[in-house]
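Structural description and commentary
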Amino acid sequence: MHVREIVVHVAPDLDGLVGAWLLRRFGESRFPGASKAPVRFLAGGQVDGPALEAEGVLAVDVGGGRFDHHFDSTSEATSAPGLCASELVAAELQLAEVKSLTKILGLARRRDIEGVGVKSPDPLDQAGHLVSLIDGWNGLYPDDPDRVLELGWASLDAIYENERAWHDALDEVDRDRPLRFASTGVLVDWFESDNKRLMKASRYRRRDACVVRSTRGNTGVNVAFNSPRVQVEDVLSATAYLRLFECRATGEAPRPERLREVGNHHGWYLHSSHRLVMAGSDKEPTAPRSVLPTELVAELVGVSLHPTHTFPGSVCPVEHCAGASCFLFAHDLPHCSGPKARGIRNQ
């Protein structure tokens, strides 16, 4: 059949919005015309789903058709019992197992079949919950269901994009091997990617740290310290190392009193939480990017977590310590304490 219209009941709820959204976004191959079909709102009693379908109209969550679960034992509807309208659409489109849709479909089912919207007792979670928003939109726009649909679909697009990015990030973390510092077992992920969920995915996979350089805009290099084993002192060391190496690469003279300070110094911003160090940000699009190679940043982060691990040999060949002539030596870094204890001053 060629779909010329989609019908949803007035005062659309989450289930109806999700079902229609699935048809518009993913239904074109199964139902030609669905991707551009207009949505019309009708009172439930005015809809005969099977009759409308014969005319090229798909009714969702209303009318007793293939995408409506509201039927009794005397109905001729063929909808599978136990599934909400969104799940019926997902099954028809073979989307039920798509990971990025799992939460959307689960929420629609919980609201429509179980009659439960927000489970969290936290009032802040309740305020921003999609179910609460839809109830609010229907209250604000009782005579404008198109506006409710517009807002609801925009929210579903955002949720889907967020979920897609999350699962892509998990796949990327699982696919790429982290830098492993064998003597300590420290794991540091590093990526060159625009996926903003990589840091969370890395933390979810229990890495000790994650470095991400954006390939667009001015995000630069971001370092998130994820492991509960990481102490503030480790983060301060990492910040000092990054700032020193940035100064060396750019020719800027380092200011020793700034190397471990919170704030933006020498191209690297240390967050007050002591869990995030950044060079550039979406919030500061004109900020300069770091010139350090991403893998070197990851190496320096690994060094900071366990200062006994040597710097990359190309930077600091420990068997040939340069002493006072080294740009690192004058800054009382933990890594330099060994050579200093051995009386090395200059070679």
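Here we summarise the structure given alongside this text. (Residues numbered from 1 in each chain as written. Predicted model: local features only at pLDDT ≥ 70, side-chain atom pairs only at ≥ 80, totals over all residues. Heavy atoms only, no water.)

Looking now at the packing of helix 9 (residues 232-250) against helix 10 (residues 294-305). At a minimum axis separation of 8 Å, helix 9 and helix 10 run at an interaxial angle of 145°. Of the two possible hands of crossing, helix 9 and helix 10 adopt the one that is right-handed. Of the residues in helix 10, those touching helix 9 at Asp234, Ser237, Ala238, Tyr241, Leu242 and Phe245 are Leu296, Val297, Leu300, Val303, Ser304 and Leu305. Its residues placed into classes, the contact of helix 9 with helix 10 shows nine nonpolar, two polar and one charged. (Axes fitted to C-alpha atoms, helices over the stretch in contact; angles between N-to-C directions. Helix = DSSP H or I, 4+ residues; strand = E, 2+ residues; numbered from the N terminus. Left-handed = near helix turned anticlockwise from the far one by under 90°. Contact = heavy atoms within 4.5 Å. Nonpolar A, V, L, I, M, F, W, Y, C, P; charged D, E, K, R; others polar.)

The strands making up a sheet are joined through hydrogen bonds of the backbone, oriented either antiparallel or parallel. The three strands are arranged 2-1-3 in an open sheet whose pairing can be described as parallel. The outermost strands of the open sheet, each flanked by one partner alone, are strand 2 (39-42) and strand 3 (57-60). Here the average twist between neighbouring strands, direction ignored, is 30°. (Pairing = 2+ DSSP bridges.)

Take the nonpolar core next. With 40 residues, the main nonpolar core has Ile6, Leu22 and Leu23 as its most contacted residues. Only strand 1 (5-9), helix 1 (14-26), strand 2, strand 3, helix 3 (85-92), helix 4 (102-112), helix 6 (130-140) and helix 7 (145-175) provide two or more residues apiece to this core. Per-element accounting of this core gives the leading share, seven residues, to helix 1. Excluding residues within four positions of it along the chain, leucine 23 makes contact with Ile6, Glu28, Phe31, Ala34, Ser35, Leu58, Val60, Phe67, Val89 and Leu93. Among the nonpolar cores identified, the runner-up in size contains 31 residues, and Leu179, Leu300, Val301 and Cys326 belong to it. (Core = buried A, V, L, I, M, F, W, Y, C linked by side-chain atoms within 4.5 Å. Buried < 20%, exposed > 50% of the residue type's maximum accessible area, 1.4 Å probe, protein only.)

Below, the discussion takes up the pattern of salt bridges. Inspection of every chain in the model, using the stated rule, returns 17 salt bridges. Between arginine 164 and aspartate 168 there is a salt bridge, and its shortest N-O distance comes to 2.6 Å. On the criterion of helical spacing, the pair formed by arginine 164 and aspartate 168 is a turn pair, its members being four residues apart in helix 7. By relative accessible area, which is 29% here, arginine 164 ends up partly exposed. What makes aspartate 168 partly exposed here is its relative accessible area of 33%. For arginine 255, the salt bridge identified is with glutamate 257, shortest N-O distance 3.1 Å. On the basis of relative accessibility, which here comes to 44%, the residue glutamate 257 falls in the partly exposed class. Through salt bridges with shared partners, one network takes in Arg30, Glu53, Arg66 and Glu92. (Salt bridge = Lys/Arg side-chain N within 4 Å of Asp/Glu carboxyl O.)

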